[in-house]
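# Results of the structural survey
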Amino acid sequence: VRLKPYRLDGGPVLLDIQQLIPLPEVSDFQTQIGAKRRAIRGEDTEKKEIFYRFWKGLLSTEVMKGTIHAHLSPQKGSILSGRTGRRGFDLNYSLRQHDNSVYLWIANSQTAFESLFAEQQEIEAEFGQELEWREVEGQQGRLIGFFQEGGYRSDPETWPTIQARMVSAMTRLTDVLLPRVRRLPA
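Attention here is on the structure that accompanies the text. Just so it is clear, the model here is predicted, and its values are computed rather than measured.

### Side note on helix α2 (residues 110–117)
- Turning to α2, its buried residues are Ala112, Phe113 and Leu116. Buried positions in α2, seen along its axis, are confined to an arc of 100 degrees and lie on one side of it.
- Elements that come into contact with the buried residues of α2 comprise β4 (89–95), β5 (99–107), α3 (120–127), β6 (132–135), β7 (141–149) and α4 (159–183).

### A word on the pairing of β5
- For β5, the buried fraction is high: 8 of the 9 residues fall into the buried class.
- Relative to β5, β4 runs antiparallel, the two sharing 7 bridges. In the strand pairing of β5, leucine 95 is matched with asparagine 100.
- The hairpin turn running from β4 into β5, its antiparallel successor, is 3 residues long.
- Here 9 bridges tie β5 to β7, and the two strands are oriented antiparallel to one another.

### Details of the pattern of salt bridges
- The final tally for this structure, using the stated rule, is 7 salt bridges.
- For lysine 76, the salt bridge goes to glutamate 49, with nearest N and O atoms at 3.1 Å. Highlighted residues: lysine 76 in the loop between α1 (24–59) and β3 (79–83) and glutamate 49 in helix α1, separated in sequence by 27 residues.
- Put simply, arginine 180 and glutamate 119 hold a salt bridge, and the shortest N to O gap is 2.7 Å. Taken together, the residues span a long stretch of sequence, with arginine 180 in helix α4 and glutamate 119 in the loop between α2 and α3 at a distance of 61 residues.
- Residue classification places arginine 180 among the buried residues on the basis of a relative accessible area of 9%.
- Judged by its relative accessible area of 26%, glutamate 119 is partly exposed.

### Comments concerning the nonpolar core
- Trp55, Leu58, Tyr93, Leu104, Leu116 and Ile144 are the most contacted members of the largest nonpolar core, which has 37 residues in total.
- Elements supplying a minimum of two residues to this core: α1, β4, β5, α2, α3, β7 and α4.
- Tallying contributions element by element places α4 first for this core, with 10 residues.
- Discounting residues that sit within four places of it in the chain, isoleucine 144 has contacts with Val102, Tyr103, Leu104, Ile106, Phe113, Leu116, Leu131, Glu132, Trp133, Leu173 and Leu177.

### Observations concerning the side chain of glutamine 163
- Along the chain, glutamine 163 falls in helix α4.
- Discounting chain neighbours no more than four positions away, the residues touching glutamine 163 are Phe54, Gly57 and Leu58.

### Overview of the environment of glutamate 135
- Assignment of secondary structure puts glutamate 135 in strand β6.
- Between the C-alpha atoms of glutamate 135 and phenylalanine 113, which are 22 residues apart in sequence, the distance is 8.9 Å.
- Setting aside anything within four residues of it in sequence, one finds glutamate 135 in contact with Gln110, Phe113, Gly141 and Arg142.
- At 3.4 Å, the side chain of glutamate 135 and the side chain of glutamine 110 are in polar contact.

Cut-offs used in this document
- Residues numbered from 1 in each chain as written.
- Predicted model: local features only at pLDDT ≥ 70, side-chain atom pairs only at ≥ 80, totals over all residues.
- Heavy atoms only, no water.
- Buried < 20%, exposed > 50% of the residue type's maximum accessible area, 1.4 Å probe, protein only.
- Helix = DSSP H or I, 4+ residues; strand = E, 2+ residues; numbered from the N terminus.
- Arc of directions from axis to C-beta.
- Contact = heavy atoms within 4.5 Å.
- Pairing = 2+ DSSP bridges.
- Salt bridge = Lys/Arg side-chain N within 4 Å of Asp/Glu carboxyl O.
- Core = buried A, V, L, I, M, F, W, Y, C linked by side-chain atoms within 4.5 Å.
- Polar contact = N/O pair within 3.5 Å; in protein donor to acceptor, adjacent residues only side chain to side chain.

Okay, here's the thing in structure tokens:
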């Protein structure tokens, strides 16, 4: 702000106030940016609540009892992670807008991934379907997973069906991979 005093002839002092930074023209733009940020925060909050409701429904299903995920609480994120008992190996549920996945995440062990990949045909035959075997670019991990349709933007009335398919896939994945993970050398 710039303040510039003026004295009228023998009269009072007047003050001319001018906004310098930000420019008055920028004010509307900044207001738009602020509104956009508030909208994004609102969307994030909404998305977190959707994730929470979805995971709460999945975890409350009867078939979840006795699984490695049974003790978990609903999350406000896109991944629900279960421990296998081996460091660096997690069995995860993942939910995106229009699809979902269940997968074994292998952190920092190319050797373990290659060892399991050597059994790919047997593993997929036992699982009953093809699996995705991915080395995730830009990360120090790999995944072996199953991807299917149905995400958090699906009609909430279809969530129980999606959740049942996810639990079924995770059960099969756990049955096939967990014994092999436990047999891997330390």
